[in-house]
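Observations on the model geometry
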Amino acid sequence: MMDMSLYAAFLVAALALCVTPGPDMMFVIAMGGRGGPAAGVMAAFGVACAMLVHTVAAAFGLSTLFTTLPTLYHVLRWAGAAYLLYLAVKAFRDRSVPTAEGTPSGPGMRRAFWQGAVTNLLNPKVILFNVAFLPQFVDPSLGHVSGQFLLLGATLVVMGFLWDGSVGLLSGRLASFLRRSARVNRWLNVVSGTVFTGLAVRLVVTSPK
């Protein structure tokens, strides 16, 4: 079903994409900074699950809705930006005091998962990326085009989760240590809020490719 030479090239390209800092990685780092290691990993898992949804949409042609209904793209984009700004406001307003062990008081694991998933699902540029990137490694002559899409997308999702999850784990552990200071705790919340704000602005001002 797959051209193995194309798949090998895809693995190299996917690895380069995964290790390059991007919006998802910055979001996971910010979530780890707010909620600790578990929150960072669960945010990465939420992003990965949302990426899988985007992959299925691209595989079955649902992404063509953005071509026929451009308004849908803009509605989703503004909704994503609004949600990120909501998370930013929550981070800026967080005045909680860390425990003696420096345990963060940010989102729990379930909330971190859903925040990661919703943030990614409300980013229409992820669907457009899948439409532009994945077909380069699909060989229509082999048939099962949707299956090839799904295999490539699932591979990218797993690789992305392994990398982003590791980044979220490390950022969370570092944040848990630093949060033993109330002043540093407040500073980390401000940094997280700034990251969320920056991602919201980027989502609004960056033109689709």
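You'll find the structure just up there.
Residues numbered from 1 in each chain as written. Predicted model: local features only at pLDDT ≥ 70, side-chain atom pairs only at ≥ 80, totals over all residues. Heavy atoms only, no water.

**Let's talk about the nonpolar core**
Cut-off, in case you're wondering: To form a nonpolar core, buried Ala, Val, Leu, Ile, Met, Phe, Trp, Tyr and Cys residues must be joined to one another through side-chain atoms within 4.5 Å. In this scheme, a residue with accessible area under 20% of its type's maximum is buried, one over 50% is exposed, and one in between is partly exposed, where area comes from a 1.4 Å probe on protein chains only. What counts as a helix is a DSSP run of H or I of at least four residues, what counts as a strand is a run of E of at least two, and both are numbered from the N terminus. When checking whether two residues touch, look at their non-hydrogen atoms; a contact exists if any pair is within 4.5 Å.
One finds F10, M51, L134, L152 and L156 to be the most contacted residues of the largest nonpolar core, which totals 19 residues. Of all the secondary structure elements, the ones that give two or more residues to this core are α1 (4-19), α3 (37-59), α7 (124-133) and α8 (145-178). Counting residues per element, this core draws most heavily on α8, at five residues. Setting aside anything within four residues of it in sequence, one finds L134 in contact with F10, T55, F129, F149, L152 and G153. In terms of nonpolar packing, the next biggest core, distinct from the first, is built from 17 residues, F27, A30, L84 and A88 among them.

**Quick word on helix α2 (residues 23-35)**
For an α-helix the count is 3.6 residues per turn, leaving residues at separations of three or four pointing the same way. So the rule is basically this: Here the expected span of a helix is defined as 1.5 Å times the quantity of residues minus one.
Here α2 is 13 residues long and its end C-alpha atoms lie 18 Å apart, about the 18 Å a rise of 1.5 Å per residue gives. Where α2 is concerned, the buried positions are M25, F27, V28, A30, M31, G32, G33, R34 and G35. Positive backbone phi, at 95°, marks G36, one or two positions downstream of α2.

**Examining the packing of aromatic side chains**
Given two aromatic rings, one states the distance between the centres and the angle between the planes to describe the pair. In plain terms, the rule: Paired rings are identified among Phe, Tyr and Trp, the last through its six-membered ring, by centres lying within 6.5 Å, and are further divided according to the angle between planes into stacked (under 30 degrees), edge-to-face (over 60) and tilted (the rest).
Tallied over the full model, the rule gives eight aromatic pairs. Ring geometry for F10 and F137: centres 5.4 Å apart, planes at 70°, overall edge-to-face. Pair noted here: F10 is in helix α1 and F137 is in the loop between α7 and α8, with a separation of 127 residues, a long-range link. A residue is classified by how much of its surface remains accessible, and F137, at 9% relative accessible area, is buried. On the basis of an interplanar angle of 65° and a centroid distance of 5.2 Å, the ring pair of F133 and F137 is categorised as edge-to-face.

**Brief notes about the side chain of N120**
Heads up, the rule is: Two N or O atoms form a polar contact when they lie within 3.5 Å of each other; inside protein one atom must be a possible hydrogen donor and the other a possible acceptor, and for residues adjacent in sequence the pair counts only when both atoms belong to side chains.
Checked against the element boundaries, N120 lands in helix α6 (residues 109-121). Engagement of the side chain of N120 in a polar contact is seen with the side chain of D24, the distance being 3.2 Å. N120 has contacts with D24, V47, A50, M51, H54 and V126, leaving out every residue within four places of it along the chain.

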